[in-house]
Structures are given as structure tokens and as C-alpha cells.
Amino acid sequence: MRNRMWCGWVVAMSLGCVGATGAEVVVDLTGAVEKVAGEFKFTEGPVWVAAKNELLFSDIPADRIVRFDGATAATFREPSNNSNGLTLDKQGRLIACEHGARRVSRTEADGRVVTLADRFEGKRLNSPNDVVVRSDGAIYFTDPPYGVKPEDRELDFQGVYRLSPDGATLTLVVRDFVKPNGLAFSPDESRLYVADTERGHIRVFDVASDGALSGGRVFAETPNADGMKVDTKGNVFCTAKPGVMVFDPAGRHLGTIIAPERPANCAFGDPDWRSLYITARTGLYRIRLNVPGIRVP
Ligand code: MG
């Protein structure tokens, strides 16, 4: 009797929180949100580095990148050119959006930091914000003006760009966003999700084999949407004003992970890729999930 009651309580709580269909719990969002590090200024850009079993993330105003090894947080790079979004390419090299340098950079195996993109048609980028690498090596990033003074802007639009796998060609793939921000691929890379913070929604694009985007319909309403990631079942985790809002691939809202501080980005990590790390203002938080995220790289 006690076992049945216990099971019933767990299932009911899970269903109530995630709105799953039928008896199946698609994604269980009922785990505890644990604060794992704090006393930062404004955290962003988390990425799990499996080779080193650690998380890297940006503390933008502190001008540094922090490493978290599961127990302690320490400086990885300072200064960081006020880095924001971080990811890894196929070779495991760190790719960083840098507000201060208004560029996307790559850290080579020997430690040198090189510029991948800082201009479009001769004009300086605004302030690259977030970045994702496709499996073919193409780099997609967003370029809102959050990190540049209005008088210093050279471009009069806020683009989403694709840098070709050989790094030679920077293509403006979308230019009608107000504030493009977080972006993430679906598991099969047939879709790209891009958040528009100003409009408070996510748009979803179809991705052609050559990397071009088409479509661009509104996928979900997400007030003040920022960074996002996708799990291996295609569920979309988007940081927004209410918390980390979770949507199934059809755009149905499954639930929202509430953290003590307002989140700006998130990343799957830990050896089983079933932890979601959440960068939220002064803190770094973690919640365990039942579905693993898409691995990086
Ligand atoms: Mg962002």
C-alpha cells in the first residue's frame, strides 16, 4: 500500500509539472534546482567540456571565463573580452562570442586565440551573443547590440550569421530579428531555433543540406528569451523571464524550471549529459533530468 501511494504521488507530481501526454513522462522537470556556485556578476554562455569533465561559462562584466569542476569555480581566462556565449567545435576547440572585441574567436590547441569573424561586408559586428556549431563545422551566431554603445555601431540591423566550415565565408542568414539571441539545432539538425529577446518568442527555421535557412515561423512565446539548448528527444529548453521554459518539438509548453535567480542561458552536462546547468545572474545552478541533452561537440 505504501509503495503504491509513493508511486502514485511521484507520477502525479511529474505529470502535473510537465503536462506530459497519457501515462508517459516525457521529460521530468521535478528535480531539485541546486545552486553549485555563486558570487558572480552576470553569468552566461555555459558549455560542458567532456574531455576535461568541467563546465566553462562566462562572467560577462567580470571580464572572465570561469571553469567549474563539480566542486569549485576558478578563473579559466581573464580578461575574456567580455565573452558571452561559448561552445566547442568538432575538434573540441573553444568558440567564444566576445562583446568587448566584437568578434567570434577560437582558442587553438596551443592556446592562441584567433578571430573567426569580426566584420560583415567591411563593417564591424555589433556584439556577437551566442553561438552553435553544426556537425559539418559551420558556425552559426547571433549579433544583437547588447554589448556595444549605440554611437559605436556600424551595422543598422541585428543579424544571424553562418560562418562556412572553412572559415572563409560569412553569410547573413537572417536579418529581420529585433534582438536575436540564443540558438540551437534540433537533434537531426533539420531545424534551427533562434530566440528574439525583444519580441519574446522563438522562431524555428528549416535548415537545408547546404546550411541555408528557410521558413522562420514562430515556434513558442518566451518572454525575454535568451539562451537555449535542445535535448536528445528534441525538447527545447529556453531561458526566459519566467525561468527555463521547456517545449516539446511541436511547441507545446511542458513546464518551466524555476531558479532562485533569473536565468540567461543553460547547457547540458556531466558525464551522462543529464544535468542542465543554468547560468542565472550571480549564480550557477544545476538540475538533474531524465533525458540527456545533445552532446557538444
Ligand atoms: Mg544570450
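The preceding data block contains the structure.
The paragraphs below set out a description of the structure included in this document. (Residues numbered from 1 in each chain as written. Predicted model: local features only at pLDDT ≥ 70, side-chain atom pairs only at ≥ 80, totals over all residues. Heavy atoms only, no water.)

**A few points about the coordination of the magnesium ion**
Item 1. With distances of 2.2 to 2.3 Å, the protein atoms coordinating the magnesium ion are Asn129 (OD1), Asn181 (OD1) and Asp226 (OD).
Item 2. Given the relative accessible area of 2%, Asn181 is considered buried.
Item 3. Residue Asp226 is classed as buried on the basis of its relative accessible area of 14%. (Donors = N, O, S within 2.8 Å, 3.2 Å for Na, K, Ca; no water. Buried < 20%, exposed > 50% of the residue type's maximum accessible area, 1.4 Å probe, protein only.)

**Points about the pairing of strand β3 (residues 54–59)**
Item 1. Counting buried positions along β3 gives six out of six residues, so the element sits mostly inside the fold.
Item 2. Of the two faces of β3, both are covered, the one formed by Glu54, Leu56 and Ser58 as well as the one formed by Leu55, Phe57 and Asp59.
Item 3. Pairing of strand β2 (residues 43–49) with β3 involves five bridges; the strand directions are antiparallel. In the sheet register, Thr43 faces β3, and the bridge partner there is Asp59.
Item 4. Between the antiparallel neighbours β2 and β3 lie four residues, among them Asn53 with a positive phi of about 55°.
Item 5. Bridge count between β3 and strand β4 (residues 64–68): five bridges; the pairing is antiparallel. Counted as the bridge partner of Ser58 is Ile65 from β4. (Helix = DSSP H or I, 4+ residues; strand = E, 2+ residues; numbered from the N terminus. Pairing = 2+ DSSP bridges.)

**Observations concerning the sheet that holds β2**
Item 1. Sheet architecture is open: four strands sit in the order β2-β3-β4-β5, paired in antiparallel fashion. The sheet is open, and its two borders are formed by β2 and β5 (73–77), each paired with just one other strand. Averaged over all adjacent pairs, the angle separating strand axes in this sheet is 30°, with direction ignored. (Axes fitted to C-alpha atoms, helices over the stretch in contact; angles between N-to-C directions.)

**Section: the side chain of His99**
Item 1. Along the chain, His99 turns up in the loop between β7 (94–98) and β8 (103–107).
Item 2. When neighbours within four sequence positions are excluded, His99 is seen to be in contact with Ile60, Asn81, Asn82, Asn84, Ser127, Pro128, Asn129 and Gly147. (Contact = heavy atoms within 4.5 Å.)

**As for the sheet that holds strand β16 (residues 180–185)**
Item 1. One open sheet holds the four strands; their spatial order is β16-β17-β18-β19, and the pairing between them is antiparallel. Looking at which strands have only one partner, the edges of the open sheet turn out to be β16 and β19 (213–221). Neighbour-to-neighbour, the strand axes of this sheet turn through a mean angle of 25°, independent of strand direction.
Item 2. Sheet analysis places β16 next to strand β17 (residues 191–196), joined by four bridges and oriented antiparallel. When the bridges of β17 are listed, Ala184 appears paired with Tyr193.

**Thoughts on the pairing of strand β14 (residues 158–163)**
Item 1. In terms of burial, β14 is a largely internal element, six of the six residues being buried.
Item 2. Because side chains alternate across β14, one face comprises the buried residues Gln158, Val160 and Arg162, and the other comprises Gly159, Tyr161 and Leu163, equally buried.
Item 3. Here strand β13 (residues 139–142) runs beside β14; their pairing, made up of four bridges, is antiparallel. Paired with Ile139 across the bridge in β14 is Leu163.

**Topic: the environment of Ser275**
Item 1. Residue position: Ser275 is located in strand β25 (residues 275–280).
Item 2. Judged by its relative accessible area of 0%, Ser275 falls in the buried class.
Item 3. Side-chain polar atoms of Ser275 contact the side chain of Asp270, separated by 2.5 Å.
Item 4. At 2.8 Å, the side chain of Ser275 forms a polar contact with the side chain of Arg288. (Polar contact = N/O pair within 3.5 Å; in protein donor to acceptor, adjacent residues only side chain to side chain.)

**Some remarks on the nonpolar core**
Item 1. One finds Val27, Phe68, Phe237, Ile257, Leu276, Ile278 and Leu284 to be the most contacted residues of the largest nonpolar core, which totals 28 residues.
Item 2. Listed by contribution, the elements that provide at least two residues to this core are β1 (34–37), β3, β4, β22 (243–247), β23 (253–257), β24 (265–269), β25 and β26 (283–288).
Item 3. When residues in this core are grouped by element, the largest group, four residues, is from β25.
Item 4. By size, the runner-up hydrophobic cluster in this structure holds 17 residues, among which are Val104, Ile139, Tyr161 and Leu163. (Core = buried A, V, L, I, M, F, W, Y, C linked by side-chain atoms within 4.5 Å.)

**Concerning the state of the cysteines**
Item 1. All chains considered together, the criterion is met by zero disulfides.
Item 2. In this structure Cys238 is a free cysteine whose sulfur lies 7.7 Å from that of Cys266, the closest cysteine sulfur available.
Item 3. For Cys238, a relative accessible area of 0% puts it in the buried group.
Item 4. You can call Cys266 buried: its relative accessible area is 0%. (Disulfide = S-S within 2.5 Å.)

**Side note on the pattern of salt bridges**
Item 1. A complete count under the given rule lists 15 salt bridges for this structure.
Item 2. For the salt bridge of Arg103 with Glu98, the shortest nitrogen-to-oxygen distance reads 2.6 Å.
Item 3. Judged by its relative accessible area of 2%, Glu98 falls in the buried class.
Item 4. Linking Asp196 and Arg199 is a salt bridge whose minimum nitrogen-to-oxygen distance equals 3.1 Å.
Item 5. What you see here is one network of salt bridges that share partners, running through Asp89, Arg93, Arg106 and Glu108. (Salt bridge = Lys/Arg side-chain N within 4 Å of Asp/Glu carboxyl O.)

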